[in-house]
Amino acid sequence: MTSDPQTALRPEPEMDPERDAGVDPASGEPVHCWNLDDFEALEFDPFLHDRLRDKRATRIRLPFGQGTAWLMARYADVKAATTDPRFSRSELVGRTITASSPHAIASQQASMNYADPPRLNDMRRVVARAFTGKSMQKLRPTVQHTADQLLDEMERHGSPADLVEHLHGPFPLAAVADLLGMEQDMRQDMTSWANVIMTPGPAPDKSTDALKTVRECVVALLAMRREKQSDDLAGVLAGAADAGEITEPEAVSIATAILVSGAHAVRNNSANMVYALLTHPEHHERLRREPEMIPQAVDELLRFIPHRSGVGLPRIATRDVDIAGVTIKAGDTVYSSYLAANRDPEVFPNPDTLDFDRGPIAHMAFGNGPHHCVGSMLARMESEIIITTLIERYPRLALAVPPEQLEWQAGALIRGPKTLPVTW
């Protein structure tokens with residue numbers, strides 16, 4: 001991503017491929033040094049493509065931290081590793097492992113990200129009360145109204161205009177803030193704070209300060225919901241904490257994580273989707289002719305788009321496990337690539353082709369197993385609203401510059417265009 005105030009360039013990797021290449025002393029396995037290079041547009045990481053040809057798990061070293069880890073890439077192996085209770089996220093707390101970031105992005109304290117069942121299940125049950133089909137249906141008109149207002153303002157600005165500035169930036173924050181029940185005056189600068197938090201750049205103090213600011217807003221919001229009860233997510237979390245179902249730190253951590261990831265990830269993923277459509281004109285035209293296909297198209301776009309750099313949170317083996325053709329020893333670190341799983345040719349024929357006729361697909365864009373993204377229903381709804389609204393309002397929507405002239409963010413966890421100038 002870029003060197004603007006919202007994102008910071010990834011520091012030079014703290015590893016030398018010549019020095020670090022070789023054999024892992026514990027397992028005797030060859031070690032692949034994965035530098036997590038930035039790629040243009042929607043180019044897929046060739047390292048992951050190569051891993052899909054491997055019949056066994058791969059030993060890797062990432063740019064930061066210490067040691068090595070196992071990488072699961074094929075769909076079946078990713079599915080197994082992310083559902084096997086012998087692989088733990090809570091065991092990560094306090095450990096230094098090989099990593100894609102020089103500092104922790106997600107909080108390790110009172111966090112769903114670092115919880116295992118059954119405690120994880122308790123937290124997810126609370127959050128699920130705000131993410132029901134009924135609640136999404138109730139929220140949809142408000143979110144649609146926000147999209148309409150933002151595009152009205154873009155039209156007042158005039159063509160050409162930057163969709164990231166006018167739509168993809170502010171829209172996801174508004175949607176997740178509406179879900180939380182966040183007051184308008186609390187939302188100022190929230191998108192830029194989320195971008196700083198989610199960028200593993202050379203200045204961890206900036207990320208820490210931004211996270212502290214967001215958490216303070218969340219604490220204030222939960223306090224407000226105790227004075228004035230509501231059925232929004234903040235109200236659900238405050239009530240659950242008061243009832244002893246979750247702790248106060250857990251309530252704060254859950255709300256903060258949903259706010260930050262919702263504002264940042266959908267911002268980039270939705271921009272990626274629109275870019276994909278504008279650079280696949282036959283797909284774009286088909287959705288204009290067959291708008292009823294949009295939900296199915298969103299799922300295929302989620303599968304196809306390499307929405308992040310590298311891999312997400314790892315797990316620690318609590319016992320020896322035979323999986324993916326290798327024996328993983330207790331204490332070993334295991335990463336699972338949802339991106340690679342979504343391109344596995346054994347599950348998705350012609351996986352590098354965007355194909356809206358795949359039908360219902362069990363992609364892993366929102367993860368898998370106990371840590372499947374709790375906000376997936378909201379993210380899908382936002383994506384459907386964006387695509388539907390753009391198609392209905394702007395039948396001649398097109399990029400205002402050649403695709404190769406677009407700037408892409410570098411050095412952040414979630415990939416996406418820095419700007420998306422369009423005409424209509």
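Look up a bit, the structure's there.
Here is what the cut-offs are and how they apply
Residues numbered from 1 in each chain as written. Predicted model: local features only at pLDDT ≥ 70, side-chain atom pairs only at ≥ 80, totals over all residues. Heavy atoms only, no water. Pairing = 2+ DSSP bridges. Helix = DSSP H or I, 4+ residues; strand = E, 2+ residues; numbered from the N terminus. Contact = heavy atoms within 4.5 Å. Axes fitted to C-alpha atoms, helices over the stretch in contact; angles between N-to-C directions. Phe/Tyr/Trp six-rings, centres within 6.5 Å; stacked < 30°, edge-to-face > 60°. Buried < 20%, exposed > 50% of the residue type's maximum accessible area, 1.4 Å probe, protein only.

A. How the structure looks around the sheet that holds strand β7 (residues 315-317). Spatially, seven strands are ordered β1-β2-β3-β4-β10-β7-β5 in an open sheet, and the strand pairing comes out mixed. Strands at the two margins of the open sheet, each flanked by one partner only, are β1 (22-23) and β5 (87-88). Sheet analysis places strand β2 (residues 30-33) next to strand β3 (residues 58-61), joined by three bridges and oriented parallel. Across the sheet, the residue bridging to Val-31 is Arg-59, located in β3. Seen against the sheet, helix α2 (residues 46-53) touches β2, β3 and β4 (69-72) and runs at an angle of roughly 80° to β4.

B. Broad picture of the packing of aromatic side chains. Under the counting rule described, the total for this entry stands at four aromatic pairs. On the basis of an interplanar angle of 25° and a centroid distance of 4.8 Å, the ring pair of Trp-34 and Phe-47 is categorised as stacked. You can see Trp-34 sitting in the loop between β2 and α2 and its partner Phe-47 sitting in helix α2, a full 13 residues away along the chain. Summarising the burial analysis for this pair, Trp-34 and Phe-47 share the class buried. Aromatic side chains Tyr-394 and Trp-424 sit 5.5 Å apart centroid to centroid with 50° between the ring planes, which places their arrangement in the tilted category. Of this pair, Tyr-394 sits in the loop between α15 (376-393) and β11 (398-399) while Trp-424 sits in the segment after β12 (421-423), and the two are 30 residues apart along the sequence. For Tyr-394, a relative accessible area of 2% puts it in the buried group.

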